[in-house]
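# Structural overview for review
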Amino acid sequence: MEENNLQCSSVVDGNFEEVPRETAIQFKPPLYRQRYQFVKNLVDQHEPKKVADLGCGDTSLLRLLKVNPCIELLVGVDINEDKLRWRGDSLAPFMGDFLKPRDLNLTITLYHGSVVERDSRLLGFDLITCIELIEHLDSGDLARFPEVVFGYLSPSMIVISTPNSEFNPLFPSVTLRDSDHKFEWTRMEFQTWALYVANRYDYSVEFTGVGEPPAGAENVGYCTQIGIFQKNGGKATEACVSEQHDQHVYKAVFTTSYPSLQQERFFKLVLVNEVSQQVESLRVSHLPRRKEQDGEWGDKPKDIGGSKAPVPCFGPVFTEVEKAKIENSPKPFCVGDKFFVPLQRLLAYPRLNRLCANEEMMRSVIADSIPLSSDGSAVVADLCNYFDEQFEF
């Protein structure tokens, strides 16, 4: 259940009663957002590569996590196939993802299935989240849940959130927060269960929560209680994962892959675009200096780079170290009406340096897309073009 920040509902013998808004506890931000943000903060801190959300529902948490640059595989599992199909497209890459590809590959897959079924495709994960899930399990499924998630899947970290029933008296007329909840635990009940599971499957656990109680009711604890389980000894070894037999019981209902710089065609597009933009920026910045020259350029190479790195009115701001690196690199020069930018100069700029390890790599990628000097050491561009003639510098 996602608690409404305006009003609550109670469940009495299967009937919902609306609670007046003025008496409802308001969470800012809403409680479900606090839970998701908690997970996102944990991901930011630990940087897992493979993350699965069990009971992913409408995929809201997956949509929040997919922008994290460290994640390479993101999986959602839910028993509601129709909801997965309906929400799947919201996880597909947008136009902006193609214009600015990620550094690392990202695959997102949604599976239809029960969280108490074993599927070997979820082995070897760094993080598995179970947000407001366990309270929906009946006693039989709750007993199997640790065997599957902790024993079989055995990820490096597991995050489980569940309602804190001690908070419920603060909601008018609330017994269980959702008609599908099979139980709601006190803090002692949850911690007893969590410590037993952690000890049995060799995990450590710490407890926290989200949803602060109102002033004067601090003794009830957080509205949502959270257990963070970490595998003792760290990540399961690849050997342990490979020993498991393939078991594919889940049904894949949606999968998508994001463009990234690890993919050759997108890497080339980004690099060619970055080189072209940097060369154009340098060319335009040096045009006024041409008007200050006496006579013709002639065929003799003339250094027009100046002694300092150009500081554009708009664009990246360089640190002192970056400025020094740029200033000490080979400077652009002109021969006749041609403008030359050494590849070593381009590599001195942080964005290009991050993309390319060395001059040879840059040359091999851009050679068939951008004109180079005869020896391949510099990018060549026309010093002036049609647009320059339309605007005076």
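Use the structure listed above.
Quantities reported herein were computed from a predicted structural model and do not represent experimental measurements. (Residues numbered from 1 in each chain as written. Predicted model: local features only at pLDDT ≥ 70, side-chain atom pairs only at ≥ 80, totals over all residues. Heavy atoms only, no water.)

Pairing within the open sheet is mixed, and its 8 strands lie in the order S8-S9-S7-S6-S3-S4-S5-S10. A strand with exactly one partner marks an edge of an open sheet, and here the two such strands are strand S8 (203-210) and strand S10 (251-258). Each neighbouring strand pair of the sheet contributes to a mean axis angle of 15°, computed without reference to strand direction. Pairing analysis gives 8 bridges linking S8 to strand S9 (residues 224-231), with the strands arranged antiparallel. Looking at S9, one finds that Phe207 is bridged to Gly227. Here helix H5 (residues 139-153) sits on the sheet and contacts strand S3 (50-54), strand S6 (127-131), strand S7 (157-163), S8 and S9; the angle it forms with S7, its principal contact strand, is near 160°. (Pairing = 2+ DSSP bridges. Helix = DSSP H or I, 4+ residues; strand = E, 2+ residues; numbered from the N terminus. Axes fitted to C-alpha atoms, helices over the stretch in contact; angles between N-to-C directions. Contact = heavy atoms within 4.5 Å.)

Right, let's get into the packing of aromatic side chains. Taken as a whole and judged by the stated rule, the model has 16 aromatic pairs. Where Phe190 meets Trp193, the ring centres are 6.3 Å apart and the plane angle is 20°; that geometry is what we call stacked. Taken as a pair, Phe190 and Trp193 lie in helix H6 (residues 187-200) at a separation of 3 residues, close to a single helical turn. Among the aromatic side chains, those forming a connected cluster through ring pairs are Phe145, Phe183, Trp185, Phe190, Trp193 and Phe207. (Phe/Tyr/Trp six-rings, centres within 6.5 Å; stacked < 30°, edge-to-face > 60°.)

So, about a nonpolar patch on the surface. The grouping of Met95, Phe98 and Leu99 at the surface amounts to a nonpolar patch, some 360 Å² of accessible area in total. Residue classification places Leu99 among the exposed positions, given a relative accessible area of 68%. (Patch = residues over 30% accessible without salt bridge, like charges linked within 9 Å, V, L, I, M, F, W, Y side chains within 5 Å. Areas by Shrake-Rupley, 256 points an atom, 1.4 Å probe, with all protein chains shown as cover. Salt bridge = Lys/Arg side-chain N within 4 Å of Asp/Glu carboxyl O. Buried < 20%, exposed > 50% of the residue type's maximum accessible area, 1.4 Å probe, protein only.)

Right, let's get into the pairing of S9. Side-chain direction in a regular strand flips from residue to residue, so the side chains alternate between the two faces of the sheet. Across the 8 residues of S9, 6 count as buried, placing the element largely inside the fold. Here S7 pairs with S9 via 7 bridges, running antiparallel. Within the sheet, the bridge partner assigned to Thr162 lies in S9 and is Gln225.

This paragraph deals with helix H1 (residues 31-46). The end-to-end C-alpha distance of H1, which contains 16 residues, comes to 23 Å, matching closely the 22 Å that a straight helix rising 1.5 Å per residue would cover. Residues of H1 that are buried include every one of Leu31, Gln34, Arg35, Tyr36, Phe38, Val39, Lys40, Leu42 and Val43, and no others. Contacts from the buried residues of H1 go to helix H2 (60-65), S6, S7, S8 and S9. (Expected span 1.5 Å × (residues − 1).)

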